[in-house]
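Listed here are the chains, written in short residue letters.
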Amino acid sequence: MVWLLVVMVLCDAVAVQGASTRPDVVNVGAVFTFGSVIGRVIKVAMEAAVEDVNSSPSILNGTHLKIIMHDTKFIGFMSIVETLRFMETDTVAIIGPQRSTTAHVVAHVATELSIPLLSFTATDPTMSPLQYPFFIRTSLSDLFQMAAVADIVHYYGWREVIAIYGDDDYGRNGIAALGDKLAEKRCRISYKAALPPEPTRDDIVNLLVKVALSESRIIVVHAFFYWGLDVFSVAQSLGMMTTGYVWIATNWLSSIIDTDSPLPMDTMNSIQGVIALRIHTPDSPLKRNFVSRWHNMTHVGLSTYGLYAYDTVWLLAHAIDDFFKKGGNISFSKNSMISKFQGGNLHLDALNIFDGGKLFLDSILNVDRIGLTGRMKFTQDRNLINQEFDVLNIIGTGYRTIGYWSNHLGLSINPPEETKSQSFPGQRLHSVVWPGQTTQKPRGWVFPYNGRHLRIGVPNRNSFKEFVSVGSNGIITGYCVDVFYAALTLLPYAVPFELIPFGNGHDNPSGTELVYDAGIGDITIITERTKMADFTQPYVESGLVVVAPVRKLGSSAWAFLRPFTPQMWIVAAASFLVVGVVIWFLEHRHNDEFRGSPRRQIITTFWFSFSTLFFSHRENTISTLGRIVLIIWLSVVLIINSSYTASLTSILTVHQLSSPIKGIETLEASNDRIGYPQGSFIRDYLVNELRIHESRLVPLRSQEEYDKALREGPGKGGVAAVVDEHAYIELFLSNRCEFGIVGHEFTKNGWGFAFPRNSPLAVDFSTAILQLSENGDLQRIHDKWLLRKACSLQGAEIEVDRLELKSFWGLFVVCGMACLFTLLIYSVLVIRQFCRYFPQEAEASTRRSSPSARIHTFLSFVNEKEEDVKGRSKRRQFEDITVNGTSHC
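Remember, it's a predicted structure, so these values are computed and weren't measured experimentally.

A. Spatial organisation of the overall build of the protein. Along its length, the protein carries 29 helices and 34 strands. Surface exposure of the protein reaches about 42600 Å², of which carbon and sulfur atoms provide 57%.

B. A nonpolar patch on the surface, seen in detail. A surface patch of nonpolar side chains, about 360 Å² in accessible area, is lined by Leu 577, Ile 602, Phe 606 and Phe 610. Positionally, Ile 602 belongs in helix 18 (residues 598–611). Owing to a relative accessible area of 52%, Ile 602 belongs among the exposed residues under this scheme.

C. Broad picture of the pairing of strand 8 (residues 218–222). Burial of strand 8 is extensive: five of the five residues sit out of reach of the surface. Neither face of strand 8 is left uncovered, since the one carrying Ile 218, Val 220 and His 222 and the one carrying Ile 219 and Val 221 both have all their residues buried. Sheet topology note: the strand 6 (residues 160–166)/strand 8 ladder contains four bridges and is parallel. Residue pairing in the sheet places Ala 163 in a bridge with Val 220 of strand 8. Of the strand pairs in this sheet, strand 8 and strand 9 (residues 246–249) are connected by four bridges, and their pairing is parallel.

D. Seen up close, the sheet that holds strand 25 (residues 544–549). In space, the five strands of this open sheet follow the order 29-28-30-25-31, with mixed pairing throughout. Every interior strand has two partners, whereas the edge strands, strand 29 (697–700) and strand 31 (739–742), have only one. Each strand axis lies, on average, 35 degrees off the axis of its neighbour in the sheet, ignoring direction. Strand direction decides the pairing type here: strand 28 (residues 674–677) and strand 30 (residues 721–725), joined by two bridges, are parallel. Across the sheet, residue Ile 674 finds its bridge partner in strand 30, namely Ala 721. Sheet strands touched by helix 21 (residues 682–689): strand 25, strand 28, strand 29 and strand 30. Its angle to strand 30, the strand with the most contacts, is close to 115 degrees. Sitting on the sheet, helix 23 (residues 726–733) touches strand 25, strand 30 and strand 31, and the angle it makes with strand 30 is about 120 degrees.

E. Structural context of the nonpolar core. Ranked by internal contacts, the top residues of the largest apolar core, which has 142 residues, are Ile 164, Leu 208, Phe 232, Trp 247 and Phe 360. It is helix 12 (residues 304–325) that contributes the most residues to this core, 14 residues altogether. When neighbours within four sequence positions are excluded, Ile 164 is seen to be in contact with Ala 193, Leu 195, Leu 207, Leu 208, Val 211, Ile 219, Val 220, Val 221, His 222, Val 231 and Trp 247. In terms of nonpolar packing, the next biggest core, distinct from the first, is built from 54 residues, Phe 484, Val 540, Val 545 and Val 722 among them.

F. Summary view of the pairing of strand 28. Of the two faces of strand 28, both are covered, the one formed by Ile 674 and Tyr 676 as well as the one formed by Gly 675 and Pro 677. The pairing of strand 28 with strand 29 spans four bridges and is parallel. Looking across to strand 29, one finds that Pro 677 is bridged to Leu 700. In terms of handedness, the path from strand 28 via helix 21 over to strand 29 forms a crossover that is right-handed.

G. Fine view of the side chain of Asp 258. Here Asp 258 is to be found in helix 9 (residues 251–260). Accessibility expressed as a relative area gives 15% for Asp 258, which makes it buried.

H. Examining the packing of helix 24 (residues 760–775) against helix 25 (residues 777–786) more closely. At a minimum axis separation of 4 Å, helix 24 and helix 25 run at an interaxial angle of 80 degrees. Comparing their axes, helix 25 and helix 24 come out roughly perpendicular. Along its contact with helix 24, which presents Leu 772, Ser 773 and Asn 775, the element helix 25 presents Asp 777, Leu 778 and Arg 780. Residue classes in the contact of helix 24 with helix 25 are distributed as two nonpolar, two polar and two charged.

I. Focus on the pattern of salt bridges. All told, the structure shown has 32 salt bridges when counted by the stated rule. Salt-bridge contacts for Asp 322 lead to Lys 326; the nearest nitrogen and oxygen are separated by 3.1 Å. Among the ionic pairs, Glu 694 bridges to Arg 683, the shortest N-O distance being 2.6 Å. A residue pair is termed long-range when its members are at least 10 positions apart, and Glu 694 in the loop between helix 21 and strand 29 and Arg 683 in helix 21 qualify at eleven residues. According to the relative accessible area criterion, Glu 694 is partly exposed, its value standing at 46%. Where salt bridges share partners, they join Asp 707, Arg 711, Arg 736 and Glu 738 into one cluster.

J. Looking closely at the packing of aromatic side chains. What the rule picks out here adds up to 41 aromatic pairs. Summarising the aromatic geometry, the rings of Phe 467 and Trp 751 are spaced 4.9 Å apart at their centres and angled 80 degrees between planes, so their arrangement reads as edge-to-face. A residue pair is termed long-range when its members are at least 10 positions apart, and Phe 467 in the loop between strand 18 (454–459) and strand 19 (469–470) and Trp 751 in strand 32 (residues 750–751) qualify at 284 residues. Grouping residues by exposure puts Phe 467 and Trp 751 together as buried.

K. Region of interest: the sheet that holds strand 7 (residues 188–195). Spatially, 7-6-8-9-10-15-16-17 is the arrangement adopted by the eight strands of the open sheet, whose pairing is mixed. Both outer strands of the open sheet, strand 7 and strand 17 (410–412), are each paired with one neighbouring strand and no more. Averaged over all neighbouring strand pairs, the angle between strand axes comes to 25 degrees, with direction disregarded. Across the sheet, helix 6 (residues 169–184) is in contact with strand 6, strand 7 and strand 8; its angle to strand 6 comes to roughly 165 degrees.

L. Broad picture of the state of the cysteines. All chains considered together, the criterion is met by zero disulfides. Distance from the sulfur of Cys 815, which forms no disulfide, to the nearest cysteine sulfur (Cys 819) is 4.5 Å. With a relative accessible area of 4%, Cys 815 lands in the buried category. Residue Cys 819 is classed as buried on the basis of its relative accessible area of 5%.

M. Quick peek at helix 15 (residues 479–489). Among the eleven residues in helix 15, nine count as buried, and that is most of the element. Turning to helix 15, its buried residues are Tyr 479, Cys 480, Val 481, Asp 482, Val 483, Phe 484, Ala 486, Ala 487 and Leu 488.

N. Fine view of helix 6. Between its first and last C-alpha atoms helix 6 spans 23 Å; for 16 residues at 1.5 Å apiece the expected length is 22 Å, and the two agree. Among the residues of helix 6, those classed as buried are Tyr 170, Gly 171, Gly 174, Ile 175, Ala 177, Leu 178, Lys 181 and Leu 182. Buried residues of helix 6, viewed axially, fall in a sector of 155 degrees; they line one side. Across from the buried face of helix 6, at angles greater than 90 degrees, the exposed residues are Asp 180 and Glu 184. If you follow the buried residues of helix 6, they end up packed against helix 4 (100–113), helix 5 (142–155), strand 6, strand 7 and strand 8. One or two residues past the end of helix 6 sits Arg 186, with phi positive at roughly 60 degrees.

Cut-offs and rules
- Residues numbered from 1 in each chain as written.
- Predicted model: local features only at pLDDT ≥ 70, side-chain atom pairs only at ≥ 80, totals over all residues.
- Heavy atoms only, no water.
- Helix = DSSP H or I, 4+ residues; strand = E, 2+ residues; numbered from the N terminus.
- Areas by Shrake-Rupley, 256 points an atom, 1.4 Å probe, with all protein chains shown as cover.
- Patch = residues over 30% accessible without salt bridge, like charges linked within 9 Å, V, L, I, M, F, W, Y side chains within 5 Å.
- Salt bridge = Lys/Arg side-chain N within 4 Å of Asp/Glu carboxyl O.
- Buried < 20%, exposed > 50% of the residue type's maximum accessible area, 1.4 Å probe, protein only.
- Pairing = 2+ DSSP bridges.
- Axes fitted to C-alpha atoms, helices over the stretch in contact; angles between N-to-C directions.
- Contact = heavy atoms within 4.5 Å.
- Core = buried A, V, L, I, M, F, W, Y, C linked by side-chain atoms within 4.5 Å.
- Right-handed = clockwise from strand over helix to strand, strands pointing away.
- Parallel < 35°, antiparallel > 145°, perpendicular 65-115°, else oblique.
- Nonpolar A, V, L, I, M, F, W, Y, C, P; charged D, E, K, R; others polar.
- Phe/Tyr/Trp six-rings, centres within 6.5 Å; stacked < 30°, edge-to-face > 60°.
- Disulfide = S-S within 2.5 Å.
- Expected span 1.5 Å × (residues − 1).
- Arc of directions from axis to C-beta.

So yeah, pure geometry; function would need other evidence.
As structure tokens, then:
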């Protein structure tokens, strides 16, 4: 107890000592430009916060918080100098600097001197706590703002944007973050339009002219306050604020509107239809009270930066209070390394290290309070816990909130604080009035007006010119070309283009030779090509098939034998006999229809067996075992009979073509030569995928070479078969009845138009092709070019494979097992009956020396009818009883 009292006394002494060491004043520095859009707001907000902190009895316990503000006058160098000046005095923390560029420099010094640097305006996402441990961002990083922009772009289905930004740390790193977030949505920045950090109007004009000549119409402006509005002013003068354009501005524009509202009408007219972001601050009584006070303090509008400035001061006040409660003292010491510069003109030796800086930093990061901007609490990576934005649409003299963005939920029409307590309905925004006063969602891109025509490559083939044909006069026609022209008329915009043939007209060109802006024609969509280009919706379905010589099978007197293979016939016939014998065994002792003379029994067995084929057997089965076997056998007969009937019907009613090649599997297993279209991807497919040796492949250039090679065959220098796409083979076979497609399509491909990667033309042409398919124009174009009088055997089928034993062996096994099982049960029952009803004969037979005599006795018993055996046994038992009774008398 004595030790406990001592400890308590010591703790009270320490606490009293800690409380007594609290200074009367704690100095905090602030560095920003008083006359800037942000500066005019945060100066008033911080002064109000200091007044509220010092008048509150619940915090600091009598210590007075003093914020010393220095004006940097829009000069970056002054931001550095003024910050260093604070580090010469007893300043425990610095609010600022205002710009990210300066923050990169000053944060290094703050880390060395252990002085926390708090900023709600330096939003560069690369300001990492790992690199700058004493830098604390008390607002949101641009990383979250760019994630919101990426979600908006993805929500409306756009794929490319143009980014306009200032070429410094703030601009470059913010746009780099945008690129990363867009990539997560499979979108991208097509043009990074950088401006000097302090651009002139001529700089902006020259840049926007280049933007206007670009393809994308989605423009993200990540600008500075003092030149951001000039971008929209120039854009309006260049006609870039009209229908078709989409402008998205980051947080800077909403801050200008909130601070200087109402803006001049000329300015408002230049930003009509713009989508802007603003950091979301939830509505609360605390915020409403402060807003009402604000109008009495200044005529400047209140932006979100003012709210964050107010909360930052309160954050520091709570951290200072916690710092003192933990026993922290405000003391400074000299840095031994900096002391070496003593006596220089720069007076670097005056810079002091804050001894309690690490403890104070921890106190700042551990603050958890509700402020004007919501909950002020830091995550492990030092971001505020609430990462949310308002999505605004600039209309008329103000703006309309069309939705909200949250890092956890994405886009929503409900405020984040309401969405968290409800079920999330999914990504959604209210309707937008776009530039040009239209509510229709812009397409997001146009064909670039740079005076250059789209160079479209067209394969100049040596064969199958119905698809693409380059005339001697340079006119290009064909099925594929007509489909392209038809789709072109359905596009909602004009596409200046020129068709350029590639290939010499003698050798079929390869699709990989396409080096133009686009490609049309019979271009097959395969995996390798999709890695280099984007393809449209296929307008022709065309897989690989095998074509080989075929012959027509004529009718014959033995056509009824063709459905089954010889092996199948033998097994089926044997099964009929086996089942008949089994039924005879099971029914012989019970059923008079299976008894009689040997000749009669043999005839009955054969008749019964084969009459089951037509379900016309007259003999009835009496035994249970016999009925089980018969039911299973009739099921087998039904299946075999149905299969035979279907196969024979097909053979007799459909033209049958015969070929020794049954499909691609036959070619893989043989060593015969195979033809393929010269210059096609088919060669690589056969070699790499099917592992067919190159020496077996023969390139063929035209339909005539196909015909000649197939007629000669592999024995005379030709080929056994040709592998090509189905669309070509259909045209090839239209007037050649001696060849046919064998097997099935072993790949599924299609033809499409090729465009550069991420080209929006691919999407629009796909939509047009679907429209052509739906309205029947695609079929009409097909009939115009590809409809031919079919060969008389065009509807014939390759010889149907005969039904083999392997397709039915399961049925025969089941039936055989049933026969064996019933015979086994039958044998056990007969032996048991023999031993029961004829014990004397069984005993006498075992004493006989001749095995044949014993077998003869048993067979005689088996041959008897079961009723006779039972009757004779009963008579013998009756006689035994009578004899025994007489002897007793």
